[in-house]
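# Architecture at a glance
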Amino acid sequence: MSCGKNEKYEGISRRQWMLGAGAVATTAAIGHLGGLLQPVEAAEGSTEKWPWPYEKLDPEVTAELAYTEWYRVFCGCAVISSIFTQLREKVGEPYKSFPIDSFVFLEGGMVGWGTVCGCNAGANIVSNLIIGPRIAGSDAGHQIGADILQWYCNASMPIYKPKEPKIKDEIVQTVSESPLCHVSVGKWMAVADKPLGSPERKDRCARVAASTAYHLVVLLNAWKDGKYEETNDWTPVKTHGINAQPNCMECHVGGTPQAPMVKS
């Protein structure tokens, strides 16, 4: 018994010693590397030089890709994939290194929370990556993103009809008057009388992704040709004194605090 206890305690001591020695060895190795370990710099990395190279794309081809991709990665990621997979072939880097599938979290208004529709978020990601953010010297990426949001609110969705739709029946169109997934999908479900998990609702959202990708490429191609002109005219801060969408009172019918307005 006593011999067993000694072996047990000796084993624990040995493991503790090995862990301690490992920690010392690791510390020594890091110390030895010294200047070889450099802090990561977020600004001005290799992909933060704008604009990224862009070749004009066919909106029809892009829409078909987005429709198909929705059934793999859903709305926002489908919009990104439909454009970046083509640019991987046409351009190469930085698109080949871009982690497209990581943006699947945009589904359902961002991880199912029903906030901004993933199509809108995906389109903004694409335009601001290709053209660059407004703080990099050009407002075009920012404005294209804003154009997409206002267009999405006003369009009778879905617009695009795929060549080989998974649902052959007619998909009803609705106007969301909102960039939010919850409002857009909810209004459509009410008119179509279809539940969230229905094949018709799924195909509707796949077509919305295709419609958004199509419209985004039209705007990007215009930018490439030097012919892009912004169309959005919504200025929420001037109207409400706070960031907001045009129809905020549709949901917030009461109990919403009034934002202090800037005195003119």
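Provided above is the structure to which this section pertains.
Per-chain numbering applies: the sequence of each chain, read as written, is numbered from 1 onward. Local features in this predicted model are restricted to residues of pLDDT 70 or higher, and side-chain atom pairs are both shown and tallied only at a pLDDT of 80 or more, whereas totals for entire chains, interfaces and linings draw on every residue. Neither water nor hydrogens contribute to the side-chain values; these are computed over all heavy atoms in the structure.

### Examining the pattern of salt bridges
- Every case where a carboxyl oxygen of Asp or Glu lies within 4 Å of a side-chain nitrogen of Lys or Arg is listed as a salt bridge. Taken as a whole and assessed by the stated rule, the structure comprises nine salt bridges.
- In this structure, glutamate 69 and arginine 72 form a salt bridge, with 2.9 Å as the shortest nitrogen-oxygen distance. One end of the pair is glutamate 69 and the other is arginine 72, both in helix 2 (residues 59-73) and three residues apart, which spans about a single turn.
- For glutamate 69, a relative accessible area of 15% gives the class buried.
- The salt bridge involving aspartate 203 is made with arginine 207; its shortest N-O contact spans 2.8 Å. Linking aspartate 203 with arginine 207, this pair stays in helix 7 (residues 199-224), spanning four residues, or about one helical turn. Across this residue pair, the class does not change: aspartate 203 and arginine 207 are buried.
- Here the residues in one salt-bridge network are Glu69, Arg72 and Asp101, joined through shared partners. Think of it this way: any DSSP run of H or I at least four residues long counts as a helix, any run of E at least two long counts as a strand, and we number them from the N terminus. With a 1.4 Å probe rolled over the protein chains alone, any residue whose accessible area is under 20% of its type maximum counts as buried; one over 50% counts as exposed, and the rest are partly exposed.

### Examining the packing of helix 5 (residues 140-154) against helix 7
- Relative orientation of the contacting elements helix 5 and helix 7 amounts to 145°, with a least axis distance of 11 Å. Crossing of helix 5 over helix 7 shows right-handed handedness. Two secondary-structure elements touch here, helix 5 through Ala140, Ile144, Asp147, Ile148, Trp151 and Tyr152 and helix 7 through Val208, Ser211, Thr212, His215, Leu216, Leu219, Leu220 and Trp223.
- Nonpolar residues are Ala, Val, Leu, Ile, Met, Phe, Trp, Tyr, Cys and Pro. Charged residues are Asp, Glu, Lys and Arg, and all others, Gly as well, are polar. For the contact of helix 5 with helix 7, the residue count by class is ten nonpolar, three polar and one charged. In this analysis, axes come from line fits to C-alpha atoms, helices being fitted only over the stretch in contact, and the angle between any two N-to-C directions falls in the range 0 to 180 degrees. Left-handed describes a crossing whose near helix is turned anticlockwise from the far helix by less than a right angle; the clockwise case is right-handed. By definition, residues are in contact when any of their heavy atoms lie within 4.5 Å.

### What about empty space enclosed by the protein?
- Within this scheme a cavity is a closed region of a 1 Å grid, computed over the protein atoms alone, that accommodates a 1.4 Å probe without allowing it to escape, whereas a pocket is open but has protein on both sides within 12 Å along at least five of seven lines; lining residues each have an atom within 4 Å of a point. Grid points are joined across faces, edges and corners, and a volume is the space filled by probe spheres set on the points. Taken as a whole and judged by the stated rule, the model has one cavity of 30 Å³ or more.
- As for the largest cavity, its lining consists of Pro158, Tyr160, Lys161, Glu170, Ile171, Gln173 and Arg207.
- Its residues assigned to classes, the lining of the largest cavity shows three nonpolar, one polar and three charged.

### Structural notes on the nonpolar core
- Formed by 48 residues in total, the largest nonpolar core has its most connected members in Ile83, Phe84, Ile130, Leu216 and Leu220.
- Listed by contribution, the elements that provide at least two residues to this core are helix 2, helix 3 (75-90), helix 4 (118-130), helix 5, helix 6 (181-192) and helix 7. Take the buried Ala, Val, Leu, Ile, Met, Phe, Trp, Tyr and Cys residues and link them wherever side-chain atoms come within 4.5 Å; each set so joined is a nonpolar core.

### Details of the packing of aromatic side chains
- Note on aromatic contacts: the rings of Phe and Tyr and the six-membered ring of Trp form a pair at centre separations within 6.5 Å, being stacked when their planes are under 30 degrees apart, edge-to-face when over 60 apart, and tilted otherwise. Within the structure shown, the criterion is met by eleven aromatic pairs.
- Considering the side-chain rings of tryptophan 52 and tyrosine 95, the 5.4 Å spacing of their centres and the 85° angle between planes classify their relative orientation as edge-to-face. Here tryptophan 52, found in the loop between helix 1 (2-33) and helix 2, pairs with tyrosine 95, found in the loop between helix 3 and helix 4; they are 43 residues apart in sequence, far enough to count as distant.
- A relative accessible area of 6% means that tryptophan 52 is categorised as buried.
- The interplanar angle of 65° and the centroid separation of 5.1 Å between the aromatic rings of phenylalanine 84 and tyrosine 95 together place this pair among those described as edge-to-face. Taken together, the residues span a long stretch of sequence, with phenylalanine 84 in helix 3 and tyrosine 95 in the loop between helix 3 and helix 4 at a distance of eleven residues. Just as phenylalanine 84 is buried, tyrosine 95 falls in that class too.
- Counting every residue linked through ring pairs, the aromatic cluster contains Trp52, Phe84, Tyr95, Phe98, Phe103 and Phe105.
- Residue placement shows lysine 166 over the ring face of tyrosine 71; its charged tip is 4.9 Å from the ring centre. Here, a charge over a ring is recorded when the distance from Lys NZ or Arg CZ to the ring centre is within 6 Å and its angle to the ring normal is within 35 degrees.

### Notes on the layout of surface pockets
- For the largest pocket, the calculated volume is near 450 Å³.
- In this structure, the largest pocket is lined by 19 residues; those nearest its centre are Ala146, Leu149, Asn232, Trp234 and Pro236.
- When its residues are assigned to classes, the lining of the largest pocket shows nine nonpolar, nine polar and one charged.
- By volume, the second largest pocket is sized at about 350 Å³.
- As for the second largest pocket, its lining consists of 20 residues, of which Gly108, Cys181, Val185, Leu196 and Arg201 are closest to the centre.
- Contributing elements (two or more residues each) for the lining of the second largest pocket: helix 6 and helix 7.
- Considering every element that reaches the lining of the second largest pocket, the biggest residue donor is helix 6, with five residues.
- Of the residues belonging to the lining of the second largest pocket, the class tally is twelve nonpolar, five polar and three charged.

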